[in-house]
Amino acid sequence: MSDLLDWDACRLSAAIAAGQVTATELMRQTLDRIAAVNPDVNAIVSLRPEQGLMAEAHAADLVPAKGVLHGIPIAVKDLANAAGLPTSQGSPVFAGEVAGRSDIMVQRMQDAGAIIIGKTNTPEFGLGSHTFNPVFGATQNALMPGRSAGGSSGGAAVALATGMVCLADGSDMMGSLRNPAGWNGVYGMRPTWGRVPSEPTGDMFLHQLSTGGPMARSPQDIALLLGVQAGRDPRQPFGLLQEDYRAGLPTDVTGRRIAWLGDWGGAYPMEEGVLDQAAAAVATFAQAGCVVDEVTPAFAADDIWQAWITLRSWAVAASLGPVYDQPDQRAQLKPEAIWEVERGRALSGADIQKASLIRSGWYRAAHAMFDNYDAIVLPTAQCWPFPVDWHWPQEIGGVAMDTYHRWMEVVIPASLIGLPSLAVPIRGNRPMGLQIIGRRGDDMGVLQLGEAWHGIGG
């Protein structure tokens, strides 16, 4: 029996549908790989018992394929609910709490035939781009043992990179699908905001910062999973229509224009070597026939940052406020979560309006850039993977980091205005990636550039 874990998801999907591969043998190999690898990296948590998983795989072999994910094992990020599995969110406050139903994105994967095998590790409440928490511990980088896996979808990226799964879901507020992808040599996509629906609960109008999305080992597989996750939910006021993302891949990208923004005109401190490696990798787009220009930023980085931390703290205060208000639960929160809640609650309506005006100004400036360019490109992080026992880097390039997340400032231009961004891996001496950022709604164009990158060996 060949090692099915080396196959990409598109190949596995077709082989299972054709009866050339069984879900049972795929599950057997998956569980064997997890047993061999996961104790060292700690990427998959809350793994379901083997007997139940093998029985579910066997049952999948007895019926026609439900969808493109039929019989494919997937572990869900531990911020999302999967019916019957605990959703700890990396917090002792919720450790062991079992979800009664699956979230929309998870249910869509299940409806397409995926077998949910467990969860992937995440930072506490997804705060911070370093995957460690007091419930399950830290996740090790797949390419640099002893180093951070990134986050907050760090467990997902490492599970992919080590072959424990061929597809993974994640979520991205501040680079959570992009930084871990770049640091573990895989692909992660933050779709256009509204492409993948969140849950129809609480406020559905104001907190437009985070989104779910796919991770995989190739853009083709990203497109496969995005096709399952995406599509409007009629219960929500915002949303984008479904597309066939695989149909347009691959395509000739000759003549497409790339704006390379590097360190945002010197605004983003970079650890030594990061910018040089990323700048050299940008030449891959020229090999694909694209026109690459080094471009002066069209908006002040500090304005983007101030708007971001205002709106982020405001959103986190709303989501974690009920936990904070319970003294016994507040005592179990990490300092960064408490800082976000207290900062968010201190904001005034005028503060929020000012941040929203800056956000709108950046959107207009970015829209003008896309009149001349098909994509904006930036590194996925400002530093190399750091020691896994750190909480976060205290300085980068001699510049002190004034918050727990300032070292990931490079990801917020896309996040603040909800643009699609695909992280592609750079094959260098140390793991790093590039963000390919497109105009709103152009998820297909971003994927096409990623596919061209992948074909050249990026």
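What you are looking at is a predicted structure, and each value in this text was computed from that prediction instead of being measured.

J.: Just checking my understanding: could you explain the sheet that holds strand S15 (residues 432-437) for this structure?
T.: Pairing between the strands of a sheet is mediated by backbone hydrogen bonds and can be parallel or antiparallel. Ordered by their spatial adjacency, eight strands build an open sheet running S6-S8-S7-S14-S15-S11-S9-S10, and the pairing between neighbours is mixed. The open sheet has two edge strands, strand S6 (167-172) and strand S10 (291-294), and neither has a second partner. Each strand of the sheet is rotated relative to its neighbour by a mean of 25 degrees, with strand direction disregarded.

J.: Could you clarify how one ought to interpret the pairing of strand S9 (residues 257-260) in this entry?
T.: Within a regular beta strand, the side chains point alternately toward one face of the sheet and then the other, so they alternate between its two faces. Two elements, S9 and S10, share four bridges in a ladder whose sense is parallel. Following the sheet pairing, Ile-258 is matched in S10 by Val-292. Alignment of S9 against strand S11 (residues 375-379), held across three bridges, turns out to be parallel. Paired with Ala-259 across the two strands is Ile-376, which belongs to S11.

J.: Looking at this structure, how should I read the packing of helix H10 (residues 301-324) against helix H13 (residues 349-369)?
T.: Two quantities define a packed helix pair, namely the angle between the axes and the distance from one axis to the other. Their axes nearest at 9 Å, the elements H10 and H13 cross at an angle of 130 degrees. Judged by the inter-axis angle, H10 sits oblique to H13. Judged by the twist between their axes, the crossing of H10 over H13 is left-handed. Across from Asp-303, Ile-304, Ala-307, Thr-310, Leu-311 and Trp-314 in H10, the residues of H13 making contact are Asp-351, Ile-352, Ala-355, Ile-358, Arg-359 and Trp-362. Looking at side-chain class alone, the contact of H10 with H13 contains eight nonpolar, one polar and three charged residues.

J.: How do you make sense of the packing of aromatic side chains when you look at a structure like this?
T.: Centre distance and the angle of the planes are the two values used to describe a pair of aromatic rings. Applying the stated criterion across every chain yields a total of twelve aromatic pairs. Their ring planes at 85 degrees and their centres at 6.1 Å tell us that Phe-94 and Phe-125 sit as a pair that is edge-to-face. Taken together, the residues Phe-94 in the loop between strand S2 (73-77) and helix H4 (104-111) and Phe-125 in the loop between strand S3 (115-120) and strand S4 (132-133) connect sequence positions 31 residues apart. Between Trp-264 and Tyr-268, the aromatic rings sit 5.8 Å apart at their centres with planes inclined by 35 degrees, giving tilted as the arrangement. Taking relative accessible area as the criterion, Tyr-268 reaches 2% and is therefore assigned buried. Through a chain of ring-to-ring contacts, the aromatic side chains of Trp-183, Phe-386, Trp-390 and Trp-407 assemble into a single cluster. When the ring centre of Trp-7 is taken as reference, the NZ or CZ atom of Arg-11 above it lies at 3.6 Å. For the cation-ring pair, Arg-330 lies above Tyr-324, with the distance from its terminal atom to the ring centre recorded as 4.1 Å.

J.: Sorry, what's going on with the nonpolar core here?
T.: A general tendency of soluble globular proteins is for nonpolar side chains to be buried together. Grouped together as the largest cluster of nonpolar side chains are 121 residues, with contacts concentrated most on Leu-69 and Leu-434. Looking at this core, the element that brings in the most residues is H10, giving twelve residues. Ile-44, Ala-57, Ala-75 and Met-164 belong to the second-largest nonpolar core, a separate cluster that totals 28 residues.

J.: Explanation requested: the packing of helix H2 (residues 23-41) against helix H3 (residues 50-60) in the structure shown.
T.: The contact between H2 and H3 brings their axes to 7 Å, and the two run at 155 degrees. Our classification of the angle between H2 and H3 gives roughly antiparallel. The residues of H3 that touch H2, namely those facing Ala-23, Thr-24, Met-27, Arg-28 and Leu-31, are Glu-50, Leu-53, Met-54, Ala-57, His-58 and Ala-60. For the contact of H2 with H3, the residue count by class is seven nonpolar, two polar and two charged.

J.: I would appreciate a short explanation of the pattern of salt bridges in the present structure.
T.: Pairs may arise between side chains of opposite charge once their charged atoms sit close together. Scanning all chains against the criterion turns up 18 salt bridges. We note a salt bridge from Arg-178 to Asp-172, for which the minimum N-O separation is 2.9 Å. Residue class for Arg-178 comes out buried when judged on its relative accessible area of 0%. Here Asp-302 makes a salt bridge to Arg-406, at a shortest N to O gap of 4.0 Å. Within this pair, whereas Asp-302 is found in helix H10, its partner Arg-406 is found in the loop between strand S13 (399-400) and helix H14 (412-416), the two being separated by 104 residues in sequence.

J.: What exactly am I supposed to notice about H13 here?
T.: Every α-helical turn comprises 3.6 residues, leaving residues that sit three or four positions apart pointing alike. With 21 residues, H13 extends 30 Å from end C-alpha to end C-alpha; this agrees with the ideal 30 Å at 1.5 Å per step. Taken together, the buried positions of H13 are Ile-352, Ala-355, Ile-358, Arg-359, Gly-361, Trp-362, Ala-365, Ala-366 and Met-369. Among the structural elements, S9, H10, S11 and H14 are those in contact with the buried residues of H13.

J.: What am I meant to see in the sheet that holds S3 here?
T.: Pairing is mixed across the open sheet formed by three strands, whose spatial order is S1-S3-S2. The open sheet is flanked by strand S1 (44-45) and S2, the only strands paired with a single partner. As judged from the two bridges shared by S1 and S3, these two strands associate in the antiparallel manner. The residue bridging Ile-44 from the neighbouring strand is Thr-120, located in S3.

J.: Is there a simple way to think about the environment of Ser-356 in this case?
T.: As for its position among the elements, Ser-356 is in helix H13. The spatial distance from the C-alpha of Ser-356 to the C-alpha of Gln-435 is 24 Å, given a sequence separation of 79 residues.

J.: Any chance you could explain the pairing of S11 here in plain terms?
T.: Most of S11 is tucked away, with five of its five residues classed as buried. Side chains Ala-375, Val-377 and Pro-379 of S11 all project onto a buried face; the interleaved residues Ile-376 and Leu-378 project onto the opposite face, where all are buried too. Alignment of S11 against S15, held across four bridges, turns out to be antiparallel. Paired with Leu-378 across the strands is Gln-435, a residue of S15.

Conventions adopted
- Residues numbered from 1 in each chain as written.
- Predicted model: local features only at pLDDT ≥ 70, side-chain atom pairs only at ≥ 80, totals over all residues.
- Heavy atoms only, no water.
- Pairing = 2+ DSSP bridges.
- Helix = DSSP H or I, 4+ residues; strand = E, 2+ residues; numbered from the N terminus.
- Axes fitted to C-alpha atoms, helices over the stretch in contact; angles between N-to-C directions.
- Parallel < 35°, antiparallel > 145°, perpendicular 65-115°, else oblique.
- Left-handed = near helix turned anticlockwise from the far one by under 90°.
- Contact = heavy atoms within 4.5 Å.
- Nonpolar A, V, L, I, M, F, W, Y, C, P; charged D, E, K, R; others polar.
- Phe/Tyr/Trp six-rings, centres within 6.5 Å; stacked < 30°, edge-to-face > 60°.
- Buried < 20%, exposed > 50% of the residue type's maximum accessible area, 1.4 Å probe, protein only.
- Lys NZ or Arg CZ within 6 Å of the ring centre and 35° of its normal.
- Core = buried A, V, L, I, M, F, W, Y, C linked by side-chain atoms within 4.5 Å.
- Salt bridge = Lys/Arg side-chain N within 4 Å of Asp/Glu carboxyl O.
- Expected span 1.5 Å × (residues − 1).

The values are spatial; any link to function lies outside them.
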